[in-house]
Amino acid sequence: MTIRTALSRHPLSFALTSALLAAVVSPAFAQEAGNEAGGKNATNLDRVSVVGSRIKRAEVEGPAPVTVISRADIDREGFQSVGDMLQTLTQNTTSSFTGDLAVTGFTPNAQVVNLRNLGPGYTLTLVNGRRPAQYPQPYNRDNNVVNIKAIPSSIVERVEVLTGGASAIYGSDAVAGVINIVLRKNYDGNQLRLTTGTTEEGGGDNVNVEYTGGKTGDRWSATYALQYSENEPVFASQRHALADTRNNAAGVAVNPSLSLVALSSAGLNGHVRNQNALYNAAACDAFDYTTVTTASRGTYCGSYTQVAARSIWNKNQNFNGYGYGTFDVTDTTQLFGSVNFYKTKAKASGGIEFWGTSGDRFTSNPSGAATGVYYDSALQDLIQLQRTFNPFELGGNEAASTLYDEKSYDFTFGAQGTFADRFDWEASVNYGKYEYEADRPRLLAKAVHDYFLGPLQGYISNYPIYTLNQDRWNTPITPEIYQSFATRVKNVAESTSATANFNISGDLFELPAGPVGFAAVIEGMRQTTDLVSDVRTNQLRPIDDQTIYNLTSSGETHGARNRYAVGTEFRVPIFSNLSMNLAGRWDKYDDITAVDDAKTFNVGLEYRPFSNLLIRGSYATSFRAPDMQLVYAEGAASFSTILDEYSCRSGTGLGQAAGAPGRTRAQCNVTGDVTLYQAQSLIAGNPNLKEEEGKSWGAGFVWDIMDSMSMSVDYYKIRLEDASTQLSSTYLLQNEANCRLGVRPDGTPFEQGSDSAFCRNLTALVTRTNAPGTTLDGRISQINTAYINAALLETSGIDATFKYKLDTDRLGDFGLDLGYSLVLTNKYQENSDDELIDYRDLPLYDYSQRSRLRGSLSWAGDEWGATLFGTRYGSNWNAAWTERLAPYMQYNLQVSKKFGPNVRAEFTVVNLTDNQFRRDTTNTAYPYFNSFIGADPLGRRYYFSLSYRF
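Residues numbered from 1 in each chain as written. Predicted model: local features only at pLDDT ≥ 70, side-chain atom pairs only at ≥ 80, totals over all residues. Heavy atoms only, no water.

(A) Looking closely at the sheet that holds strand S3 (residues 66–70). Read across the open sheet, the four strands follow the order S3-S5-S6-S4; overall the sheet is mixed. Each having just a single partner strand, S3 and strand S4 (123–127) make up the two edges of the open sheet. Here the strands of the sheet are splayed against their neighbours by 15° on average, with no regard to which way each runs. Of the strand pairs in this sheet, S3 and strand S5 (residues 156–163) are connected by five bridges, and their pairing is antiparallel. Bridged to Val68 within S5 is Glu160. (Pairing = 2+ DSSP bridges. Helix = DSSP H or I, 4+ residues; strand = E, 2+ residues; numbered from the N terminus. Axes fitted to C-alpha atoms, helices over the stretch in contact; angles between N-to-C directions.)

(B) The packing of aromatic side chains, seen in detail. As enumerated under the stated definition, the model contains 25 aromatic pairs in all. Its end group placed over the ring of Trp473, Arg387 keeps NZ or CZ at 6.0 Å from the ring centre. Sitting over the face of the ring of Tyr646, Arg740 holds its NZ or CZ atom 3.9 Å from the ring centroid. (Phe/Tyr/Trp six-rings, centres within 6.5 Å; stacked < 30°, edge-to-face > 60°. Lys NZ or Arg CZ within 6 Å of the ring centre and 35° of its normal.)

(C) View of the pairing of strand S16 (residues 333–349). Sheet topology places strand S15 (residues 315–328) next to S16; 14 bridges connect them, and they run antiparallel. Considered in S16, the bridge of Asp328 is made with Gln334. Hairpin geometry of S15 and S16 is characterised by an intervening segment of four residues between the two adjacent antiparallel strands. In this sheet, strand S20 (residues 401–419) lies alongside S16 in antiparallel orientation, the contact comprising 17 bridges. Bridged to Ala348 within S20 is Thr402.

(D) Region of the structure containing the sheet that holds strand S31 (residues 676–683). As summarised here, the arrangement of the four strands in space is S30-S31-S35-S34, forming an open sheet in which the pairing is mixed. Bordering the open sheet on either side are strand S30 (636–643) and strand S34 (766–768), each of which pairs with just one other strand. If you compare each strand with its neighbour and ignore which way they point, the axes differ by 25° on average. Two elements, S34 and strand S35 (residues 780–784), share three bridges in a ladder whose sense is antiparallel. In the sheet register, Thr767 faces S35, and the bridge partner there is Gln782. In the packing of helix H15 (residues 729–741) onto the sheet, contacts are made with S30, S34 and S35, and the angle to S34 comes to roughly 70°. (Contact = heavy atoms within 4.5 Å.)

(E) Local environment of H15. Between its first and last C-alpha atoms H15 spans 18 Å; for 13 residues at 1.5 Å apiece the expected length is 18 Å, and the two agree. Among the residues of H15, Tyr731, Leu732, Leu733, Asn735, Glu736, Ala737, Asn738 and Cys739 are the ones counted as buried. One or two residues past the end of H15 sits Gly742, with phi positive at roughly 80°. (Expected span 1.5 Å × (residues − 1). Buried < 20%, exposed > 50% of the residue type's maximum accessible area, 1.4 Å probe, protein only.)

(F) Main features of unusual backbone geometry. That bond from Tyr926 to Pro927 is cis: its omega, 10°, falls within 30 degrees of zero. For Asn911, which is not glycine, the phi torsion reads 60° and is therefore positive. Within the secondary structure, Asn911 is located in the loop between strand S44 (903–910) and strand S45 (941–949). Taking relative accessible area as the criterion, Asn911 reaches 0% and is therefore assigned buried.

(G) Geometry of the pattern of salt bridges. Scanning the entire structure with this criterion turns up 59 salt bridges. A salt bridge links Arg608 to Glu606, with the shortest nitrogen-to-oxygen separation between them at 3.3 Å. Classification of Arg608 by relative accessible area gives buried; the value is 12%. Each of Arg71, Asp75, Arg193, Glu210, Arg904 and Glu906 takes part in a single network of salt bridges with overlapping partners. (Salt bridge = Lys/Arg side-chain N within 4 Å of Asp/Glu carboxyl O.)

(H) Molecular detail of the side chain of Thr499. Positionally, Thr499 belongs in strand S24 (residues 486–511). Owing to a relative accessible area of 14%, Thr499 belongs among the buried residues under this scheme. Sequence-distant contacts of Thr499, that is, excluding residues within four places in its chain, are made with Ser428, Val429, Asn430, Gly524 and Met525.

(I) The arrangement of a nonpolar patch on the surface in detail. Residues Leu192, Leu194, Val207, Val209, Tyr948 and Phe950 make up a contiguous nonpolar surface patch of roughly 510 Å² in combined accessible area. Elements with a minimum of two residues in the nonpolar patch: strand S7 (189–199) and strand S8 (206–216). Here Val207 lies in strand S8. (Patch = residues over 30% accessible without salt bridge, like charges linked within 9 Å, V, L, I, M, F, W, Y side chains within 5 Å. Areas by Shrake-Rupley, 256 points an atom, 1.4 Å probe, with all protein chains shown as cover.)

(J) Fine view of the environment of Asn314. Position of Asn314 among the secondary structure elements: in the loop between strand S14 (311–313) and S15. On the basis of relative accessibility, which here comes to 0%, the residue Asn314 falls in the buried class. Between the C-alpha atoms of Asn314 and Asp84, which are 230 residues apart in sequence, the distance is 15 Å. Non-local contacts of Asn314, meaning those with residues more than four positions away in its chain, are made with Asp100, Pro108, Asn109, Lys149, Asn231, Pro233, Lys347 and Ala348.

Okay, structure coming up:
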């Protein structure tokens, strides 16, 4: 960030400006600097560039709301990472399927930001104003995101948050907003900081060591930082509510899990259908299981505690190194460069392994199709087996752990300077790479099948015949036996990002009301992504002794994208109290998608009728280019039964007689019909995807009520058209028939039209065989249930802030900082022929909060200080969708003490009231609460930090 001194044009927004200045002046002790930079004294402000504009200005507040959070704010509010702080933003949502609680999810070792609940891919995350390499493993399988967990707090100077469309400034993805994480620069001195912590209920002991240093010379400066952190895992068994299903807060009477059952599928030989056919009391004792008899499963033995073996906080070991330097070539030209390296080793434990015949591809009929059940020659019945392997059988809670080995690095080199005494320029190149490997435990399907069932003895009524080895079935295995039929499945991926950028900003000329601000940017960028899943998980691969049990491949993804862009901005003072901000940008894409190019613009107005009041409004267009995963994924294939609606309704193909009359879906959907058959389906990339187009509106005000007191209220509305949505195979085939026939099943015209972009895109996802004169002609060989541009999203709401600072001579300084967001509408339309429905107040659909509140109350004396931080997530629907649960609230408390000018100690309590989740008596499934509506099962935890500056 280039800084040049200028007189303040306006005393607006003292709190945000002070926070920004505090972060710049003294990152190590920014809280004290902030206290000294009170609003009534902030008369000379720096002109800086803050997220949302490349034009430097004295006021932080502009036509769109911007929040600036310093490293000191992060520390004093009790957060141990930047990612944890960003989760509490009122504009963010909790319903993101990442993090340590999502052990079985797609990205359990990552954190994301999801502004406005549009999805994390619609929030642009920048580091020093540049795009970092994206997380190589797609979020929720399909979306590319930035992992904010990989940005250590030691190198962060401040975080800038812009809400609303900003593609005219930054290009793709800036639909819901922009997060810009600014790293430390211009640091002078040395600081060593040690933090250690633990959880109240056990587990999670952690340590964090940070070193930050900086030096300056006559023509050079250097800033450098090192950070090492490590934490032990926390297991569900270490939390009372999660350790035993009988401990559930919902008060639900539960039965033990079906841990060791052989269910009768036919009810033969005196067995009751669907009940356990093989109960052994001695086995229950050997496994320390509980015997229970139920009407649905009969008598069986199972566990109340197996679920508790999973981790709820990953074991982590992280290292980061950072360096930034400058060299003044001349008085007006400066070279700069930076390097950032991050490496983590993490372990997420599922705790147990599971095996059953329902997912066993070796339990199959003579044609090779899996049956899910087999005929047991000893039990003389069709049997479905189900068995859980306990941690003590595997070798402990961490034996069945997924290992994550990740590292990322980026380099930036450039030059910056001024010319004509009024223009700043910067030219830079940047390269970043993120490498990822997930190493997870799985069972070898054939080995575990053979261990329990032995050799195939033939077939009866199309079912395989085996004899279960009951001694092995009823006896716990040893870790050595587990290793004999276990393996490790590895998925590897990497992504890169290379950018060349030139921008210029300054004042063009003077108007009667002031100078016309100007900025322009030219940039080029290349992104690549490569993801390779373990080949043994491919469901189309012939089964053998290396076939993995019950795991479907994510396939492979290999792709590259080049992008070029030019953009410009103007800030035009119309009158002394009215100015207009204009921006426009053109992005050109060179890849296989249908994007080609995208043009965006925004317009903003700032009106100051009084010296202490800003009234603002903005309109912006935005876009999002298709995720590379959605374009380049080769897909994971499988076979399923489909109904060929086009052949059914048209009476053509598949060997049907020429001129055969069309039929209805009901007439065709019967066993043996030629239009009902098996076809290959996969979720692969769709190169026909175009950009998603957004529009944002905003209006509000910022009011400096009095010295050291300000508030803001802003209305927002975001509308996203042509959003990517995945289609079910049924929907796809129904509409393929509509597109090709031009009519719906009831004979009414199909509005889209066969030549519409919707129909061209959709029909390209269905591959048919060309074999004239045969029964294969027109047969569907493959269905790609990929994403297409069809959905419409619209959300609106209100953001508000209030800030107050009271300085006293004897009692110290007091501060109050509040933020609030309220969702007014949350509309969604999956396809153009669906109704646009507002889901804000509807059950069965929306888990997001309608309101969020965060705030802090702080006090700072000469030596002591304290901050109480709180966040409130608004009401949410219960699991039964019958009523809304009460809001969920959490608090952090920090007390600090200075020992002279160089030593500072901090004691922090996170989750002060030990509020771990919302109680929901209608949630009848473990863990008996919804972790995606606000939850913290880690509970109360304590941290002690000591920093020394020298």
